[in-house]
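A look at the structure
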Amino acid sequence: MEISDSERQIIDQAAAILAEGRGHTMNELAELTGIGRTTLYRYFRTRDELLAAVKTQATADAWTAVQASRPDEDDAETALRRVIASLIGVGDRYRVVFTEGMPAKHPNPEHLELKNALVCLIERGQRVGEATAAVAHAIVGRLEAVDRHRRLAQPGVSIL
């Protein structure tokens with residue numbers, strides 16, 4: 001889905017503010033970004049809608065970063081290192097996705113595609129003996145631990 005330049009600007013500015021700390025209301029976001037309440041509410045009726053748009057943009061940016069890191073080139077370990085390095089900046093820009101998560105009732109198919117691409121890269125390494133099952137389980141286990149922590153802090157919220 002294409003978004004307008006104005007919508008992208010709002011998402012980027014809101015993500016930057018939300019990355020600094022939790023709990024900003026829509027009115028606070030409008031004030032801190034200088035966007036204006038009317039404009040903010042024209043694009044996003046609720047904070048949850050804005051957070052969903054931030055998560056969608058984060059997933060799109062992560063997917064772009066993964067593709068740019070050339071995951072199909074070189075051995076799996078080298079490719080995985082590039083992928084992880086490319087995702088660090090995306091993760092930092094969109095920390096709110098990890099700190100606040102998203103309601104589990106809003107599944108994101110693009111998020112699942114991204115997750116599957118990473119799993120395929122790990123499995124490629126396993127097939128040729130470059131990545132052991134222990135490495136894959138450690139990565140998946142860490143993601144599950146982060147997700148479990150978020151769900152304990154906010155029942156009904158998941159990052160996976």
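What you are looking at is a predicted structure, and each value in this text was computed from that prediction instead of being measured.

1. Concerning the packing of helix 1 (residues 5-20) against helix 2 (residues 26-33)
Relative orientation of the contacting elements helix 1 and helix 2 amounts to 105°, with a least axis distance of 10 Å. Comparing their axes, helix 2 and helix 1 come out roughly perpendicular. Contacts from Gln13, Ala14, Ile17 and Leu18 of helix 1 reach helix 2 at Leu29, Leu32 and Thr33. In terms of residue class, the contact of helix 1 with helix 2 is built from five nonpolar, two polar and no charged.

2. Focus on the pattern of salt bridges
Evaluated as defined, the whole model comprises seven salt bridges. Here Arg8 and Asp12 are joined by a salt bridge, their closest N and O atoms 2.9 Å apart. On the criterion of helical spacing, the pair formed by Arg8 and Asp12 is a turn pair, its members being four residues apart in helix 1. Linking Glu49 and Arg45 is a salt bridge whose minimum nitrogen-to-oxygen distance equals 2.7 Å. Put simply, Arg8, Asp12, Asp61 and Arg93 are held in one network by salt bridges that share partners.

3. A word on the environment of Ser69
Summarising the element assignment, Ser69 is placed in the loop between helix 4 (47-68) and helix 5 (76-93). Residues Ser69 and Arg82, spaced 13 residues apart in sequence, show a C-alpha to C-alpha distance of 5.6 Å. In contact with Ser69, not counting residues within four places along its chain, are Arg82, Val83 and Ser86. Reaching out from Ser69, the side chain makes a polar contact with the backbone oxygen of Val66 at a distance of 2.6 Å.

4. Focus: the nonpolar core
One finds Leu40, Phe44, Leu50, Val54 and Tyr94 to be the most contacted residues of the largest nonpolar core, which totals 31 residues. Counting only elements with at least two residues in this core, the list comes to helix 1, helix 2, helix 4, helix 5, helix 6 (95-100) and helix 7 (109-127). Element by element, the count of residues in this core is highest for helix 4, at eight residues. Ignoring any residue separated from it by four or fewer positions in sequence, one finds Leu50 in contact with Ile10, Ala14, Met26, Leu29, Leu40 and Phe44.

5. Some remarks on the confidence of the model for the chain
Taken residue by residue, the chain gives an average pLDDT of 79. The fraction at 70 or more is 74%. The weakest mean pLDDT in the chain belongs to strand 2 (residues 157-158) at 45; the strongest belongs to helix 3 (residues 37-43) at 94.

6. Regarding helix 4
Across its 22 residues, helix 4 extends 31 Å between first and last C-alpha, which sits within 8% of the 32 Å expected from 1.5 Å per residue. For helix 4, the complete set of buried residues consists of Leu50, Leu51, Ala53, Val54, Lys55, Gln57, Ala58, Thr59, Asp61, Ala62, Ala65 and Val66.

Cut-offs applied
- Residues numbered from 1 in each chain as written.
- Predicted model: local features only at pLDDT ≥ 70, side-chain atom pairs only at ≥ 80, totals over all residues.
- Heavy atoms only, no water.
- Axes fitted to C-alpha atoms, helices over the stretch in contact; angles between N-to-C directions.
- Helix = DSSP H or I, 4+ residues; strand = E, 2+ residues; numbered from the N terminus.
- Parallel < 35°, antiparallel > 145°, perpendicular 65-115°, else oblique.
- Contact = heavy atoms within 4.5 Å.
- Nonpolar A, V, L, I, M, F, W, Y, C, P; charged D, E, K, R; others polar.
- Salt bridge = Lys/Arg side-chain N within 4 Å of Asp/Glu carboxyl O.
- Polar contact = N/O pair within 3.5 Å; in protein donor to acceptor, adjacent residues only side chain to side chain.
- Core = buried A, V, L, I, M, F, W, Y, C linked by side-chain atoms within 4.5 Å.
- Buried < 20%, exposed > 50% of the residue type's maximum accessible area, 1.4 Å probe, protein only.
- pLDDT = per-residue confidence, 0-100.
- Expected span 1.5 Å × (residues − 1).

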